[in-house]
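Analysis of the macromolecular model
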Amino acid sequence: DYIFSKTAQRPKIAIVCGSGLGGITGILKDPELISYKDIPNFPISSVPGHAGKLVFGKLGNKDVVCMSGRVHAYEGQPLWKVTFAMRVFDSMGIKVVILTNAAGGVGEKTKEGDLIILKDHINLPGLCGFNPLVGLNDERFGARFQETTVCYDKELRDIALKMAKDCKMDFVCEGVYIYQVGPTFESPSEVKFLKLIGGDMVGMSTVPEVVVARHRGMRCLGISLITNKCIDVFDSNKKPNHEEVLELSKQRSCELQKLISKIVDAISLEQASACGI
Ligand SMILES: O=P(O)(O)O[C@H]1O[C@H](CO)[C@@H](O)[C@H]1O
Ligand SMILES: Nc1nc2[nH]cnc2c(=O)[nH]1
């Protein structure tokens, strides 16, 4: 109610901006900003590169809302708060959520600067009891036992790959994202393990949000920007750090913005009936 009292825009598509990836808010037409701190109960990010505002506006000819900044479990927030925005989006009538993140490249397939469309995920903490759907379930909002067979909508993924091909973005492909809580980056032995279990990239976000978004029946598309290669050799002098993550995000933000703009355009053309947009 608070959000709708502040804007007359009623988007059907939400975009979650990962670390340093809030630049897309700068290309929205007729932007209207709402600070997280003004929205009742909305959690506020403490991480550099996560601004803390909802930005409504037009991307091409479609209304969208961008979440510029997210909270992560490693900030000490419970998972219901980490995923709170997804419940808000659902009550606002959002049908499609595009989630971006900065991630470390695990396998040979990925290199710095690549944009990887999430084909699936491995919810490592989820497998050990750290899942946002733990707790009493309200059947009005979703099933007790949520399936996660196709978390990342096939049609949306196909659109993303087609748009990337049309734009000759040869650094876009599909991959599997592994969620770990953080805030530590991975040790070399952990990276070897993540490779073994079939991950292409690893990060500290997105999956809890997707689990809740799917529980609420929203369609999800995930896009990882590979900001660094995970180090799987012992005694390396090279060490991952958040500054490097933000620097790479800055370098690739234009390409990501272009790809998302094309995807949003295509959703309106190709998915009008399916998504009720
Ligand atoms: O996933 P996003 O929010 O893009 O952020 C990524 O970047 C941070 C590490 O540099 C971690 O929070 C990781 O999850
Ligand atoms: N877990 C994790 N998250 C990241 N986010 C950006 N880079 C990384 C990384 O190497 N590991």
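The protein chain is annotated in an unreviewed UniProt entry as Purine nucleoside phosphorylase from Helobdella robusta.

**Some words on the packing of aromatic side chains**
In this structure the tally under the stated criterion is three aromatic pairs. The interplanar angle of 75° and the centroid separation of 6.0 Å between the aromatic rings of phenylalanine 42 and phenylalanine 84 together place this pair among those described as edge-to-face. Separated by 42 residues along the polypeptide, phenylalanine 42 in the loop between β2 (29–35) and β3 (53–59) and phenylalanine 84 in helix α3 (residues 84–92) bring together distant segments of the chain. Phenylalanine 84 shares its class with phenylalanine 42; the two are buried. When the ring of tryptophan 80 is compared with that of phenylalanine 84, the centres are 6.4 Å apart and the planes differ by 75°; the resulting orientation is edge-to-face. Following the ring pairs from residue to residue traces out a cluster consisting of Tyr36, Phe42, Trp80 and Phe84. The lysine or arginine in question, arginine 10, covers the ring of phenylalanine 4, its NZ or CZ lying 3.6 Å from the ring centre.

**Digging into the site of ligand 1**
Close to ligand 1 lie 13 residues, the nearest being Ser19, His72, Tyr74, Ser205 and His242. Residue tyrosine 74 places a side-chain N or O atom 2.6 Å away from an oxygen atom belonging to ligand 1. Methionine 204 has a polar backbone atom sitting 2.9 Å from an oxygen atom of ligand 1. Within the residue set of the shell around ligand 1, elements represented by two or more residues are β5 (96–105) and α8 (242–270). Of the residues contributing to the shell around ligand 1, the split by class is five nonpolar, seven polar and one charged.

**Digging into the UniProt feature "binding site: phosphate" (unreviewed entry) in the protein chain**
Annotation from UniProt places "binding site: phosphate" (unreviewed entry) at Ser19, His50, Arg70, Val71, His72, Ala102 and Ser205. The named residues occupy 187 residues along the chain; their greatest pairwise C-alpha distance, 13.7 Å, places them in one compact cluster. When you line up the elements, histidine 72 lands in the loop between β4 (62–68) and α2 (79–82). With residues up to four places along the chain from it excluded, the contact list for histidine 72 reads Val47, His50, Gln77, Val82, Met204 and Ser205. Mapped onto the secondary structure, serine 205 falls in the loop between β8 (201–203) and α7 (207–215). Beyond its immediate chain neighbours, meaning those up to four positions away, serine 205 contacts Arg70, His72, Asn101, Tyr177 and Tyr179.

**Digging into a nonpolar patch on the surface**
Among the surface-exposed residues, Phe193, Leu196 and Ile197 lie close enough to one another that they form a single nonpolar patch of about 310 Å² accessible area. Its place among the elements puts isoleucine 197 in the loop between α6 (188–196) and β8.

Conventions and cut-offs
Residues numbered from 1 in each chain as written. Chains lettered and ligands numbered in written order. Predicted model: local features only at pLDDT ≥ 70, side-chain atom pairs only at ≥ 80, totals over all residues. Heavy atoms only, no water. Phe/Tyr/Trp six-rings, centres within 6.5 Å; stacked < 30°, edge-to-face > 60°. Helix = DSSP H or I, 4+ residues; strand = E, 2+ residues; numbered from the N terminus. Buried < 20%, exposed > 50% of the residue type's maximum accessible area, 1.4 Å probe, protein only. Lys NZ or Arg CZ within 6 Å of the ring centre and 35° of its normal. Near = heavy atom within 4 Å. Polar contact = N/O pair within 3.5 Å; in protein donor to acceptor, adjacent residues only side chain to side chain. Nonpolar A, V, L, I, M, F, W, Y, C, P; charged D, E, K, R; others polar. UniProt positions renumbered as here; feature names shortened; annotations may be inferred. Contact = heavy atoms within 4.5 Å. Patch = residues over 30% accessible without salt bridge, like charges linked within 9 Å, V, L, I, M, F, W, Y side chains within 5 Å. Areas by Shrake-Rupley, 256 points an atom, 1.4 Å probe, with all protein chains shown as cover. Salt bridge = Lys/Arg side-chain N within 4 Å of Asp/Glu carboxyl O.

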